[in-house]
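These are the residues of each chain, in order.
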Amino acid sequence: MTVRLLEMNGHEVKAAESAEQALEIWKQQGGVFDFLLSDVSLGEGLDGRALATLLKRERPSLIVVLMSGLPTNPIENELDGFRFLQKPFRFDELNAALRPAD
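Residues numbered from 1 in each chain as written. Predicted model: local features only at pLDDT ≥ 70, side-chain atom pairs only at ≥ 80, totals over all residues. Heavy atoms only, no water.

Caption draft 1: Representation of the nonpolar core in the model. Leu36, Leu51, Ala52, Leu55, Leu62, Val64 and Leu66 are the most contacted members of the largest nonpolar core, which has 16 residues in total. Elements that contribute at least two residues to this core include exactly α2 (19-28), α3 (48-58) and β2 (63-68). Broken down by element, the residue count for this core peaks at 5 residues, all from α2. Contacts of Leu62, omitting those with residues within four sequence positions, involve Trp26, Phe33, Asp34, Phe35, Leu36, Leu55 and Lys56. (Core = buried A, V, L, I, M, F, W, Y, C linked by side-chain atoms within 4.5 Å. Buried < 20%, exposed > 50% of the residue type's maximum accessible area, 1.4 Å probe, protein only. Helix = DSSP H or I, 4+ residues; strand = E, 2+ residues; numbered from the N terminus. Contact = heavy atoms within 4.5 Å.)

Here is the structure:
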């Protein structure tokens, strides 16, 4: 649903099933993304924070929005320079999180 809403709002979306798949897409596309939207928990392998840290290191201007339906401390994400959305979230909250900083 989130992918469809983002596309309806004019974003080109590349969806991945895992952090490893996201890294492969990142490499194939040359890292030319404006933002990363990822769940904190991604199952086996890298989690969303680790993925975000790797990609942000390669592209410091990357907007990172992490989301979770589990109780988590959003301050931890913000300290790493990431934005955070608690699920469920409204679409206007997602849009606001994806906007470049002033």
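Caption draft 2: Up close: the sheet that holds β2. Taken in spatial order, the 3 strands of this open sheet run β1-β2-β3, and their pairing is parallel. For this open sheet the edge positions go to β1 (35-39) and β3 (83-86), each flanked by a neighbour on one side alone. Across this sheet, the average inter-strand angle for adjacent strands is 20°, counted without regard to direction. By the bridge criterion, 5 bridges tie β1 to β2 in an arrangement that is parallel. When the sheet's bridge partners are listed, Leu36 is paired in β2 with Val64. Across the face of the sheet, α3 comes into contact with β1 and β2 while running at roughly 165° to β1. Across the sheet, helix α5 (residues 91-98) lies against β1, β2 and β3, angled at about 175° from β3, the strand it touches most. (Pairing = 2+ DSSP bridges. Axes fitted to C-alpha atoms, helices over the stretch in contact; angles between N-to-C directions.)

Caption draft 3: Spatial organisation of α5. Restricting attention to buried positions, one finds in α5 the residues Leu94, Asn95, Ala97 and Leu98. One side of α5 carries all its buried residues, which in axial view fall inside an arc of 160°. Of the surrounding secondary structure, the elements contacted by the buried residues of α5 are α1 (2-8), β1, β2 and β3. (Arc of directions from axis to C-beta.)

Caption draft 4: Region of interest: the packing of α2 against α3. At a minimum axis distance of 10 Å, the contact between α2 and α3 shows a crossing angle of 15°. It follows from the interaxial angle that α2 and α3 lie roughly parallel. For the element pair α2 and α3, the recorded crossing hand is right-handed. For the pair formed by α2 and α3, the contact residues are Ala19, Ala22, Leu23 and Trp26 on the first element and Leu51, Leu54, Leu55 and Glu58 on the second. Of the residues contributing to the contact of α2 with α3, the split by class is 7 nonpolar, no polar and 1 charged. (Parallel < 35°, antiparallel > 145°, perpendicular 65-115°, else oblique. Left-handed = near helix turned anticlockwise from the far one by under 90°. Nonpolar A, V, L, I, M, F, W, Y, C, P; charged D, E, K, R; others polar.)

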